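Descriptive structure summary
Listed below, chain by chain, are the residues.
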Amino acid sequence: MSIFLDQAFVNRDHESTRKFYNTWAPSYDAEITAAGYVTPTRCAEALASHTADLSAPILDFGCGSGLSGQAFKDVGFTQIDGVDLAPAMIEQARAKDIYRSLSVIEADATPKGQYAVISAVGVIGLGAAPSTTIDVLMYALPKGGKLVFSFNDHALADPTQTGRLNEWIDCSAARVLFAEYGAHLLIQNMNSTVYVIEKY
Ligand SMILES: C[S@@+](CC[C@H](N)C(=O)[O-])C[C@H]1O[C@@H](n2cnc3c(N)ncnc32)[C@H](O)[C@@H]1O
């Protein structure tokens, strides 16, 4: 039964997002894995295919319980740092041998200029981080830095989300290295587009 997943995709402010994921944390892995959550693997494979040096540190923004970090580790990335606004999700991640460092942050409080690669897997969209998070993450990257992220079907149907991405592309502040629509949650028949974009 999808107890939390059924409530995941509704509009929330940062504080209710934190509360929601704190409550979901103990059962998040079991529920979302049973639902066939494949976007972390797709993001990790896409990023690996556009990264020459797998030892380059990645900031896994919205790392949650560590499923995204595990996917990056599985494809060979060796230095993965995680940040998330929900302490109970970070505690789940801490129990696994994935991350070099883990920190609880205020919403969108991304370290600037410290990472050439940032990920936001299943993070931006209805029920989680807002469209403006793309700007925050892109400003945190240096020139030539890469952002790998996903938009699920809800985000893809929302012009404020896709519009925010398009602004970066249309004004040549970034270019798309990879964009592929595919499975997100197999059991729910929900898809996502995985993007790798490079900052100019
Ligand atoms: C659906 S989970 C994805 C977790 C992990 N990346 C994965 O793929 O399993 C979304 C995560 O984003 C975090 N999050 C949502 N909005 C955020 C924000 N504005 N700043 C930091 N973390 C945020 C939530 O606390 C939650 O852990």
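What comes next is a walk through the structure. No experiment lies behind these values; they were computed from the predicted model shown.

A closer look at the sheet that holds strand β5 (residues 146–152)
With respect to topology, 7 strands assemble into an open sheet ordered β3-β2-β1-β4-β5-β7-β6, the strand pairing being mixed. The open sheet is flanked by β3 (101–104) and β6 (174–185), the only strands paired with a single partner. Going from strand to strand, the sheet's axes swing by 15° on average, the running direction of each strand aside. As judged from the 10 bridges shared by β6 and strand β7 (residues 190–199), these two strands associate in the antiparallel manner. When the sheet's bridge partners are listed, alanine 174 is paired in β7 with lysine 199.

Things to note about the environment of threonine 162
With respect to the helices, strands and loops of the structure, threonine 162 is situated in helix α8 (residues 159–170). Residues threonine 162 and valine 176, spaced 14 residues apart in sequence, show a C-alpha to C-alpha distance of 13 Å. Not counting chain neighbours up to four residues away, the residues in contact with threonine 162 comprise Phe151, Ala155 and Leu156.

Focus: helix α2 (residues 14–34)
Remark: the principal bend of α2, roughly 70°, maps to serine 27. Of the residues making up α2, those classed as buried are Thr17, Arg18, Phe20, Tyr21, Trp24, Ala25, Tyr28, Glu31 and Ile32. Turning to α2, the residues buried within the fold contact α1 (5–8), α4 (67–74), α5 (87–94), β3 and β6. Downstream of α2 by one or two residues, glycine 36 has phi in the positive range, about 80°.

Concerning the pairing of strand β4 (residues 117–120)
Burial of the side chains of β4 extends over both faces: Val117 and Ser119 are buried on one face and Ile118 and Ala120 on the other. Pairing analysis gives 3 bridges linking strand β1 (residues 58–61) to β4, with the strands arranged parallel. Across the sheet, isoleucine 58 pairs through a bridge with valine 117, a residue of β4. Pairing of β4 with β5, which is carried by 4 bridges, proceeds in the parallel orientation. Counterpart to valine 117 in the pairing with β5 is lysine 146. Crossover connection from β4 via helix α6 (residues 133–140) to parallel β5: handedness right-handed.

Description of the packing of α6 against α8
Where α6 meets α8, the axes come as close as 9 Å, and the angle between the chain directions of the two elements is 35°. Where α6 abuts α8, its residues Ile134, Asp135, Met138 and Tyr139 lie against Arg164, Leu165 and Trp168. For the contact of α6 with α8, the residue count by class is 5 nonpolar, no polar and 2 charged.

Digging into α8
Every buried residue belonging to α8 is among Gln161, Thr162, Leu165 and Trp168, and all of these are buried. Buried residues of α8, seen end-on, are gathered within an arc of 115° and therefore sit on one face of the element. Structural note: α8 exposes Pro159, Glu167 and Asp170 on the side pointing more than 90 degrees away from its buried face. Where α8 is buried, its residues meet α6, β5, α7 (153–156), β6 and β7.

Section: empty space enclosed by the protein
Taken as a whole and assessed by the stated rule, the structure comprises 1 cavity of 30 Å³ or more. Tyr21, Gly62, Gly122, Val123 and Ala128 are, among the 40 residues lining the largest cavity, the residues nearest its centre. Among the elements of the structure, α1, α2, α4, β2 (80–84) and β5 are those that each provide at least two residues to the lining of the largest cavity. Examining the composition of the lining of the largest cavity, we find that 6 residues originate from one element, α2, more than from any other. Its residues assigned to classes, the lining of the largest cavity comprises 25 nonpolar, 12 polar and 3 charged.

Conventions and cut-offs
- Residues numbered from 1 in each chain as written.
- Predicted model: local features only at pLDDT ≥ 70, side-chain atom pairs only at ≥ 80, totals over all residues.
- Heavy atoms only, no water.
- Pairing = 2+ DSSP bridges.
- Helix = DSSP H or I, 4+ residues; strand = E, 2+ residues; numbered from the N terminus.
- Axes fitted to C-alpha atoms, helices over the stretch in contact; angles between N-to-C directions.
- Contact = heavy atoms within 4.5 Å.
- Bend = angle between axes of the 7 residues up to and from the residue.
- Buried < 20%, exposed > 50% of the residue type's maximum accessible area, 1.4 Å probe, protein only.
- Right-handed = clockwise from strand over helix to strand, strands pointing away.
- Nonpolar A, V, L, I, M, F, W, Y, C, P; charged D, E, K, R; others polar.
- Arc of directions from axis to C-beta.
- 1 Å grid on protein atoms, 1.4 Å probe; cavity = no way out; pocket = protein on both sides within 12 Å on 5 of 7 lines; lining within 4 Å.
- Points joined across faces, edges and corners; volume = space filled by probe spheres on them.

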